[in-house]
Amino acid sequence: MHVRCPDRLPGDVYRQVLEQLAELSPVVQALPPSAALVELKGALRYHGVDGRRLGEVLRVRTISRLGVDVRVGIGPSITVAATASGQIAEPGGVLAVDPGQVADWLGPLPVEALHGIGPRHAQVLRDYGVHCVGLLAAIPPDTVQRLLGGRAGRQVADRARGIDPRPVTPRALPASASVSRTFPRHTLDGAAVRAALLDLVVTLALQLRGRGQAARGLTLILRFAGGTTWEKTRRLPEASAHDDDLRTLTYRLIDAAGLQRGRLTGITLKGEDLIAADQVAEQISFDRAREARLVAEEASDRIRAKFGPGAIRPATTLLRVS
């Protein structure tokens, strides 16, 4: 899967898109500033759907969670997937090319549409009458090498035939994770804000546990009508990815904001200074209520893994805290 985000996407939003990709597959390669690759082989078996469906799921998530539409190309190689994403008109869409359709699909495309061919090489090919990928694929590789140079010509000749053995090379997950909520209208602090905040806590905690990470700190960003923002970061007593721990600190952060009559347009919650979960020491606890909640959390994670993230939502009764 090759994903193209809108141009000039802010860096923090781009990182959030990468986090959405990591929910679909553990093998994600960032291509800053606005693209990424995803290996889908294992993800297709895990999710039990085809590539097109995963691309549609990704679009729904980035639009609903981040307000960002993406162009998603899917194919049997990086070249085919990236070429497909480049054929999608903005703002977004999904284009999947099956392995058996690669030659027929690539053939009619103009040579400059093939991913990896720059303007200079495309012009050289056009000067020799090679206007489409199908003609390029029909030329002997030795001829293409003489036109474009040894290494570049060999790569272009292979990619015109859909040959691209490059693997998706995963990069380390970002050192932070964030979730956001935008309000459809200006909202005062109250039940709606607290409900949104609790939902963000649960979503962030689930994301961290799914990635095998824990946060050492949290940052709360509040966006107000008029474009002003408020931001505060606090450290957790111990690194954690548990709902209880993140919720407690998050409520302290929003209480520190002293909102009063401030009209909110959005909230972002970020887990900061992430570490691998296996680096967090397991503390012996005599708090039976907490232990029971952790057991329930594990059960909730299994239910969400089987039926989807929306299978369990935070109860509104949890919005009141003493």
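Keep in mind the model is a prediction, meaning the values are calculated, not measured.

The subject of this paragraph is the sheet that holds strand 2 (residues 28-31). Pairing is mixed across the open sheet formed by 5 strands, whose spatial order is 2-3-1-4-5. Looking at which strands have only one partner, the edges of the open sheet turn out to be strand 2 and strand 5 (93-96). When the angles between neighbouring strand axes are averaged without regard to direction, this sheet yields 15 degrees. Here strand 4 (residues 71-74) pairs with strand 5 via 4 bridges, running parallel. Bridged to Gly-73 within strand 5 is Leu-95. Sitting on the sheet, helix 1 (residues 11-24) is in contact with strand 1 (2-4), strand 2 and strand 3 (35-38), with an inclination near 160 degrees to strand 2.

What follows is about the pairing of strand 3. Along a regular strand, successive side chains alternate from one face of the sheet to the other. Because side chains alternate across strand 3, one face comprises the buried residues Ala-35 and Leu-37, and the other comprises Ala-36 and Val-38, equally buried. Bridge count for strand 1 against strand 3 is 3 bridges, and the pairing is antiparallel. By the bridge assignment for strand 3, His-2 is matched with Leu-37. Summarising the sheet, strand 2 and strand 3 pair through 4 bridges and their orientation is antiparallel. What sits directly across from Gln-29, in strand 3, is Leu-37. Where strand 2 folds back onto strand 3 in an antiparallel hairpin, the turn is made up of 3 residues.

Assignment of secondary structure puts His-115 in the loop between helix 5 (102-106) and helix 6 (119-127). Between the C-alpha atom of His-115 and that of Ala-160, which follows or precedes it by 45 residues, the distance is 9.3 Å.

So, about the nonpolar core. A general trend in soluble globular proteins is that nonpolar side chains are found buried together. Core analysis: the largest hydrophobic core is formed by 30 residues, its most contacted members being Leu-204, Leu-208, Leu-220, Leu-222, Leu-246, Leu-264 and Ile-267. At the level of secondary structure, the elements contributing two or more residues to this core comprise strand 6 (177-188), helix 10 (191-210), strand 7 (213-224), helix 11 (243-257) and strand 9 (263-272). Broken down by element, the residue count for this core peaks at 9 residues, all from helix 10. Residues Val-3, Leu-24, Ala-30 and Val-94 belong to the second largest nonpolar core, which totals 25 residues.

Below, the discussion takes up the packing of helix 10 against helix 11. At their nearest, the axes of helix 10 and helix 11 sit 9 Å apart, and the two run at 140 degrees to each other. Our classification of the angle between helix 10 and helix 11 gives oblique. For the pair helix 10 and helix 11, the crossing hand works out as right-handed. Facing Val-193, Arg-194, Leu-197, Leu-198, Val-201, Val-202, Leu-204, Ala-205, Leu-208 and Arg-209 of helix 10, the residues of helix 11 in contact are Asp-243, Leu-246, Arg-247, Thr-250, Tyr-251, Ile-254 and Asp-255.

About the cut-offs
Residues numbered from 1 in each chain as written. Predicted model: local features only at pLDDT ≥ 70, side-chain atom pairs only at ≥ 80, totals over all residues. Heavy atoms only, no water. Pairing = 2+ DSSP bridges. Helix = DSSP H or I, 4+ residues; strand = E, 2+ residues; numbered from the N terminus. Axes fitted to C-alpha atoms, helices over the stretch in contact; angles between N-to-C directions. Contact = heavy atoms within 4.5 Å. Buried < 20%, exposed > 50% of the residue type's maximum accessible area, 1.4 Å probe, protein only. Core = buried A, V, L, I, M, F, W, Y, C linked by side-chain atoms within 4.5 Å. Parallel < 35°, antiparallel > 145°, perpendicular 65-115°, else oblique. Left-handed = near helix turned anticlockwise from the far one by under 90°.

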